[in-house]
Amino acid sequence: MRALVVVGLLAVIALVVVVVAVVRDSQGNAVSAQSCPDGWPLADLRLREQKDVRINVYNATNQPGRAADVADDFRNRKFQVKKVDNAKQRLDDVAVLRYGPKGVGSAQLLRAYFLDNVTPKLDMKRKDDTVDVILGSGFQQLATTTEVNQALGDLGTPDLPAGTCPMPADK
């Protein structure tokens, strides 16, 4: 008899937890692409694999060849490095990530490689999914695989930028 009371109590607790989870679900107000206002770009929030992330690497330091060295590090980690060049202005920070709405998920992955010690810069007019990595004089090295995984756990999923709509999952 006592076992039935315990099982019944556990069932009631489980039911209460399910009801609370359904009532507090925050996805009920999510904006769908179908209800997206005209002119708002679609943001790709998917965390991509390294092999699917396209980047440009720019050197904004006084150290010659810095962008080429870091570009090689990214290539060794399976990123698609498209362009390596010097930046027009010097940067004292660790790095700046410049990207458009289609590069939001890719930028989130790259933030983990810098242990979120970067300045993200969203350019709403940018149409491609390439992320510009601008290295500053505060940059030391990319994070290890373990550090990247931990940073991704800390960062969580990318936030939908203001003025954008989520890209449908089938795109």
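Residues numbered from 1 in each chain as written. Predicted model: local features only at pLDDT ≥ 70, side-chain atom pairs only at ≥ 80, totals over all residues. Heavy atoms only, no water.

Digging into the layout of surface pockets
Here comes step 1: Within this model, the largest pocket holds a volume of roughly 300 Å³.
Here comes step 2: Surrounding the largest pocket, Tyr58, Ala60, Asp85, Asn86, Ala87, Lys88, Gln89, Arg90, Leu91, Val96, Arg98 and Ile134 form its lining.
Here comes step 3: Secondary-structure elements contributing two or more residues to the lining of the largest pocket are strand 3 (80-86) and strand 4 (95-99).
Here comes step 4: Residue composition of the lining of the largest pocket, grouped by class: 6 nonpolar, 2 polar and 4 charged. (1 Å grid on protein atoms, 1.4 Å probe; cavity = no way out; pocket = protein on both sides within 12 Å on 5 of 7 lines; lining within 4 Å. Points joined across faces, edges and corners; volume = space filled by probe spheres on them. Helix = DSSP H or I, 4+ residues; strand = E, 2+ residues; numbered from the N terminus. Nonpolar A, V, L, I, M, F, W, Y, C, P; charged D, E, K, R; others polar.)

Comments concerning unusual backbone geometry
The bulk of non-glycine residues show a negative phi, and the bulk of peptide bonds are trans.
Here comes step 1: With a phi angle near 55°, Leu115 is a residue other than glycine that sits in the positive phi range.
Here comes step 2: One non-glycine residue with positive phi stands out, namely Asp116, at about 60°.
Here comes step 3: Relative to the elements of secondary structure, Asp116 occurs in the loop between helix 3 (104-113) and strand 5 (119-122).
Here comes step 4: The exposure class of Asp116 is partly exposed, given its relative accessible area of 37%. (Buried < 20%, exposed > 50% of the residue type's maximum accessible area, 1.4 Å probe, protein only.)

Details of the state of the cysteines
Each disulfide is one covalent bond, formed between the sulfur atoms of two cysteines.
Here comes step 1: Inspection of the entire model under this criterion finds 1 disulfide.
Here comes step 2: Between Cys36 and Cys165 runs a disulfide, and the two sulfur atoms are separated by 2.0 Å. Where Cys36 bonds to Cys165 through sulfur, the torsion about that S-S bond is close to 95°, and the disulfide is right-handed. Of the two residues, Cys36 sits in the loop between helix 1 (2-23) and strand 1 (42-43) while Cys165 sits in strand 7 (residues 165-166), which places them 129 residues apart along the sequence.
Here comes step 3: For Cys36, a relative accessible area of 16% gives the class buried.
Here comes step 4: Overall, Cys165 belongs to the buried group, its relative accessible area being 0%. (Disulfide = S-S within 2.5 Å.)

A closer look at helix 4 (residues 145-155)
Here comes step 1: Every buried residue of helix 4 is listed here: Val148, Ala151 and Leu155. Buried residues of helix 4, viewed axially, fall in a sector of 65°; they line one side. Away from its buried face by more than 90 degrees, helix 4 exposes Thr146, Gln150, Gly153 and Asp154.
Here comes step 2: Each element contacted by the buried residues of helix 4 is listed here: helix 3. (Arc of directions from axis to C-beta. Contact = heavy atoms within 4.5 Å.)

Thoughts on the side chain of Arg126
Here comes step 1: Here Arg126 lies in the loop between strand 5 and strand 6 (131-135).
Here comes step 2: Within the structure, Arg126 has its side chain in polar contact with the backbone oxygen of Arg98 (distance 3.2 Å).
Here comes step 3: A polar atom in the side chain of Arg126 sits 3.4 Å from the backbone oxygen of Thr130.
Here comes step 4: Arg126 has contacts with Asn56, Arg98, Tyr99, Gly100, Pro101 and Asp132, leaving out every residue within four places of it along the chain. (Polar contact = N/O pair within 3.5 Å; in protein donor to acceptor, adjacent residues only side chain to side chain.)

Some remarks on the pattern of salt bridges
Here comes step 1: The full count for this structure, using the stated rule, is 9 salt bridges.
Here comes step 2: Its salt-bridge partner being Arg48, residue Asp44 comes within 2.6 Å of it at the nearest N-O pair.
Here comes step 3: Given the relative accessible area of 21%, Arg48 is considered partly exposed.
Here comes step 4: By sharing partners, the salt bridges in this structure join Arg98, Arg126, Asp128 and Asp132 into a single network. (Salt bridge = Lys/Arg side-chain N within 4 Å of Asp/Glu carboxyl O.)

Observations concerning the packing of aromatic side chains
Here comes step 1: A full pass over the atoms with the stated rule returns 5 aromatic pairs.
Here comes step 2: On the basis of an interplanar angle of 50° and a centroid distance of 6.3 Å, the ring pair of Phe74 and Phe114 is categorised as tilted. Within this pair, whereas Phe74 is found in helix 2 (residues 66-76), its partner Phe114 is found in the loop between helix 3 and strand 5, the two being separated by 40 residues in sequence.
Here comes step 3: Between the aromatic rings of Phe79 and Tyr113, the centroid separation amounts to 5.2 Å while the plane-to-plane angle is 85°, which identifies the pairing as edge-to-face. You can see Phe79 sitting in the loop between helix 2 and strand 3 and its partner Tyr113 sitting in helix 3, a full 34 residues away along the chain. Of the two residues, Phe79 and Tyr113, both sit in the buried class.
Here comes step 4: Among the aromatic residues, those joined into a ring-pair cluster are Phe74, Phe79, Tyr113, Phe114 and Phe139. (Phe/Tyr/Trp six-rings, centres within 6.5 Å; stacked < 30°, edge-to-face > 60°.)

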